[in-house]
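Here are the chains, one letter per residue:
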Amino acid sequence: MQVWSASCVIPITAPSMLGGAVAVRDGRIQHVGDREWLVGMLADNGVPFTETHVDGVLMPGLVNAHTHLQYTGMAEVGARQYANFPEWMAAFDVVYDAGPQDWRAHAAEGARMSLRYGTTCAADVVTDAEAASALHDAGLHGVAYWEVMGWENTAWRERGLNTVNAQLDVMPTSPGVGLSPHAPYSLESAPLLELPDVARRRGMRLHIHLGESHEEAEWNGGQRGELAELWKSSAAGSYTQMRQGGGGFSSTQFVDQLGVLGPDCHIAHGVYMTADDRRRLRARSTAVALCPRSNRVIGLDAPPVAAYLEEGNMIAVGTDSLSSSPSLDVLEDVALLHEIAREQGYRHEDLARRLLHAATLGGAHALGLATGHERVGQLQAGAVADMVFIDVPVSDIVGTIEAVACHGAGRQVATLISGQVRWARPDFAELVGQGKEAAL
């Protein structure tokens, strides 16, 4: 038995505690509770154990609910600031099309960076097959989503289904495989209609970019009749065709009509969302992965964080890739979401707690990993022992949670996956297995 203790333990699925501890055996959490109680209970029962303590915070490993690890080598694109989505896309295409890329190596480097920042589980969107094994090779939990884009209706009907099924057949099955129809503007209606069925017949998760660009917002002056009537006309060929014809429906309304959304689906970005769009997400039990730093780099507006929180939407946190974000540190996005929510008028004292929930259990929910034998994003008996130590000052519980949410970025001390240390600061690494207290 290995006992990991800290000045403050934040289980997410139970009240936080000062002076807490987590007991782990065979990669799973056995007990969570007050350190004195837990250590005493093990001693009373004659259970031998080794303890490692940190003067900081212990919490579930972070879940990066939207990233593209294969673009880690495109950091030069994400290091700049853009005026709008088309400008960023042009810069992206220049680098992507410049020549052969070692997508496998870039994705592997992204996985290593993720571990350094306390991420233990990720939704990794894969565009090039060489990058498909990054999560598996690094021992990370999560889902590798095969991305599908660029299909027009005619080509799709001729060969699309067979092509995608063949691509899915060669994806690594561990830790998990999903399907990602890229976006409403990059796929016409036939593939958008059929891809969710492909995923659901295979028992796979779905993930789609939605509400990321200005072009996906609702045009209040362009509504023409009922959305359901759209499918009776030739304007239903694609979202782009509908918009060019003057239709004002948002991309969320469009894909909802096609049956894309659901409890087995989560979306990325969700920036340009009306109250009706957000209602649709709630009605379909569809979570949204917010990536505010990526939105800022690309020149987009901030996501409606306060509205998502006030209205009760399920939210998660993603970094996106280094092609549009300064780092793969989920806690940097948490800090920015905190700032945005306050600027948008969210005044409740639970903000930091809810954002840490989004960065852990919220992401696990989005990936279908919040419950069951392989559950993550929580410190709970029977859950997979994915954890992160964070070196922030510990005061009272509320103040400590606030410190993690607002100032925890870059202060990760150690990352554990299935109870094994996968990354650690040098001053922590030499303590592991020695039963010594870490005065960090």
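Above this note sits the structure.
First, a word on scope: everything that follows refers to the structure included in this document. Just so you know, these numbers come straight off a predicted model, no measurement behind them.

An order of β5-β6-β7-β8-β9-β10-β11-β12 is seen for the 8 strands of this open sheet, with the pairing classed as parallel. The two strands at the open ends of the sheet, each matched to only one other strand, are β5 (62-67) and β12 (315-317). Here the strands of the sheet are splayed against their neighbours by 25 degrees on average, with no regard to which way each runs. Here strand β8 (residues 177-181) runs beside strand β9 (residues 205-210); their pairing, made up of 2 bridges, is parallel. Bridge assignment links Leu179 to a residue of β9, and that residue is Leu206. Contacting β7 (141-148) and β8, helix α6 (residues 153-169) runs over the sheet at an angle of about 145 degrees to β8.

With that settled, consider unusual backbone geometry. Negative phi is the rule for most residues except glycine; trans is the rule for most peptide bonds. The omega angle of the peptide bond from Ser174 to Pro175 is 5 degrees, so this bond is cis rather than trans. We note that Asp26 has phi near 55 degrees; this positive angle belongs to a residue other than glycine. Checked against the element boundaries, Asp26 lands in the loop between β2 (17-25) and β3 (28-34). Take Asp26: its relative accessible area is 73%, and that puts it in the exposed class. Unlike most non-glycine residues, His269 shows phi in positive territory, near 90 degrees. Judged by relative accessible area, His269 falls into the buried class, the value being 0%.

The final tally for this structure, using the stated rule, is 13 aromatic pairs. Between Tyr71 and Trp103, the ring centres sit 5.8 Å apart and the planes meet at 75 degrees, which makes this aromatic pair edge-to-face. Of this pair, Tyr71 sits in the loop between β5 and α2 (75-78) while Trp103 sits in helix α4 (residues 103-116); the two residues are 32 residues apart in sequence, bridging distant segments of the chain. Note on accessibility: Tyr71 and Trp103 belong to one class, buried. Here Phe85 and Trp88 contribute two aromatic rings whose centre-to-centre distance is 5.7 Å and whose plane-to-plane angle is 55 degrees, an arrangement assigned as tilted.

What counts, and where the lines are drawn
- Residues numbered from 1 in each chain as written.
- Predicted model: local features only at pLDDT ≥ 70, side-chain atom pairs only at ≥ 80, totals over all residues.
- Heavy atoms only, no water.
- Pairing = 2+ DSSP bridges.
- Helix = DSSP H or I, 4+ residues; strand = E, 2+ residues; numbered from the N terminus.
- Axes fitted to C-alpha atoms, helices over the stretch in contact; angles between N-to-C directions.
- Contact = heavy atoms within 4.5 Å.
- Buried < 20%, exposed > 50% of the residue type's maximum accessible area, 1.4 Å probe, protein only.
- Phe/Tyr/Trp six-rings, centres within 6.5 Å; stacked < 30°, edge-to-face > 60°.

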